[in-house]
2 protein chains.
Amino acid sequence: MARWQPDAKGRLQEAAMELFVRQGLEETTVAQIAERAGLNKRTFFRHFPDKRDVLFSGQQALEELYTKTIAEAPDVSVPMAAVAPAVVAAGEIVDRLGEQGRQRQRLIAANPALQEREAIKRVAVAATIREALCRRGVPDPVAALTAEAAVGVFKVAYARWGGDESRTMADVVRETIAHLDRATATHPTEPAAGPARRAARSGR
Amino acid sequence: MARWQPDAKGRLQEAAMELFVRQGLEETTVAQIAERAGLNKRTFFRHFPDKRDVLFSGQQALEELYTKTIAEAPDVSVPMAAVAPAVVAAGEIVDRLGEQGRQRQRLIAANPALQEREAIKRVAVAATIREALCRRGVPDPVAALTAEAAVGVFKVAYARWGGDESRTMADVVRETIAHLDRATATHPTEPAAGPARRAARSGR
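Residues numbered from 1 in each chain as written. Chains lettered and ligands numbered in written order. Predicted model: local features only at pLDDT ≥ 70, side-chain atom pairs only at ≥ 80, totals over all residues. Heavy atoms only, no water.

Glancing now at the overall build of chain A. Regarding its fold elements, chain A presents eleven helices and zero strands. Sequence-ordered secondary structure for chain A, helices as α and strands as β, is α-α-α-α-α-α-α-α-α-α-α. Here chain A has roughly 9,200 Å² of accessible surface; of this, 51% comes from carbon and sulfur atoms. (Helix = DSSP H or I, 4+ residues; strand = E, 2+ residues; numbered from the N terminus. Areas by Shrake-Rupley, 256 points an atom, 1.4 Å probe, with all protein chains shown as cover.)

What connects the two chain copies is a rotation about an axis and a shift along it. The operation relating chain A to chain B is a screw motion whose rotation component is 180°, with 0.0 Å of axial translation and a residual RMSD of 0.0 Å. With respect to symmetry, the two chain copies, as superposed, fit the operation of a two-fold axis. Counting the interface residues of chain A, we find that 100% of their copies in chain B are interface residues as well, pointing to one common contact surface. (Least-squares fit on C-alpha atoms with pLDDT ≥ 70 in both. Contact = heavy atoms within 4.5 Å.)

Residues and elements named next belong to chain B. For the pair helix 1 (residues 8-23) and helix 6 (residues 99-109), interaxial distance at closest approach is 11 Å and the crossing angle is 50°. By the angle class used here, helix 1 and helix 6 are oblique. Pair helix 1 / helix 6 crosses with left-handed handedness. Residues Glu14, Met17, Phe20 and Val21 of helix 1 lie in contact with helix 6, whose contacting residues are Gln100, Gln103, Arg104 and Leu107. Looking at the contact of helix 1 with helix 6, its residues break down into four nonpolar, two polar and two charged. (Axes fitted to C-alpha atoms, helices over the stretch in contact; angles between N-to-C directions. Parallel < 35°, antiparallel > 145°, perpendicular 65-115°, else oblique. Left-handed = near helix turned anticlockwise from the far one by under 90°. Nonpolar A, V, L, I, M, F, W, Y, C, P; charged D, E, K, R; others polar.)

Attention now moves to the nonpolar core. Counting residues in each nonpolar core, the largest one holds 118 residues, and the members touching the most others are Tyr66(A), Val83(A), Ile129(A), Tyr66(B), Val83(B) and Ile129(B). Discounting residues that sit within four places of it in the chain, Ile129(A) has contacts with Tyr66(A), Ile70(A), Val83(A), Ala147(A), Ala150(A) and Val151(A). (Core = buried A, V, L, I, M, F, W, Y, C linked by side-chain atoms within 4.5 Å. Buried < 20%, exposed > 50% of the residue type's maximum accessible area, 1.4 Å probe, protein only.)

Another aspect to go through is the interface of chain A and chain B. Every contact between the two is made by 51 residues of chain A and, on the other side, 51 residues of chain B. When chain A packs against chain B, the two sides together hide about 4,600 Å² of surface, and 67% of this comes from carbon and sulfur. The interface formed by chain A and chain B includes two salt bridges. Residue Glu148(A) is joined to Lys155(B) by a salt bridge in which the shortest nitrogen-to-oxygen separation is 2.7 Å. Our enumeration of links across chain A and chain B arrives at seven residue pairs in polar contact (both at pLDDT 80 or more). Contributions of two or more residues to the side of chain A that touches chain B are made by helix 5 (79-96), helix 7 (112-135), helix 8 (142-162), helix 9 (169-178), helix 10 (180-184) and helix 11 (195-201) of chain A. No other element matches the eleven residues that helix 8 of chain A contributes to the side of chain A that touches chain B. (Buried area = accessible area lost by both parts, 1.4 Å probe. Salt bridge = Lys/Arg side-chain N within 4 Å of Asp/Glu carboxyl O. Polar contact = N/O pair within 3.5 Å; in protein donor to acceptor, adjacent residues only side chain to side chain.)

In structure tokens, the structure reads:
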């Protein structure tokens, strides 16, 4: 999801998105995308393994963003606080895509096969975040759990952002992070322990 | 991942696991699995869409477990406390599979294609958990975040359990849940705010 430039790769992305939106993902062929971009199929396959991957081309940049942000965090004693700025920055990348970013979200939301591809990409992002936290000395399972929570935040925020044209993705990410404590607390913060509390604490 | 019974489905699962372990997933054909179970390919395909799905056949029971546990939770004011017993119960299902459960974990850990399939299944489980929480009145994004955290806990616990032959999966799930607060807190619990805290809170 790097910003689309008018180079071959960027032209292919733009052409693909236009065709996906106009005629649907299934109905669009690589040949059509290449033709629309004024290129040939061989050039397409130099940049993307298949047509769906046009929508997920920013994976490496995204993983580098997480790795760099966590490596440079002044403090990892609160691991999510070290990861959160990268989740917000990932949201800002989405925002910079403008209308194409909105179209991308709608395409994914409407297409289970793309959601599956997204789920697979999330596994790699989570592994990257966990590794970066471990390198900073955050122990497992905390590092692994923080990584899962971070990709969960992004996923939840992305769907919410898709349903709200008035806000930026970065803003929705920040709001979503602010709800994380409430979502993952395992016992009440006020003295109101009920059966649910006992159930969560049984065993150890 | 229901307990394997000596019915056709159970025999196919047992045969598949034996062959996967002995000769590898890629090298095993549906015909071989059916033959070993004393059945034919048509019977196999009545139970499973493909050979990989033999390893993920308990999906519906798992989703029902989450739905039922959350529906019957006496209290959802701490949403994760309402979901946690179901995550532990899912761990107990794994434990009841015995050595076959261990083999299953090792197969998945060694096979990226199976990890992808698992990631896709997790999306469905998360959607089920979120829906069950929403029905109990837990608002989004909290419901969605709790769901992501719950499937994240199971994923992290499953990998840890795979590396520790001495413990039950249910036990590792409980321990993992106990680390969740630390992993998802976005600001220090003690007054030790550093730059990471400010970064996490910037914006709103």
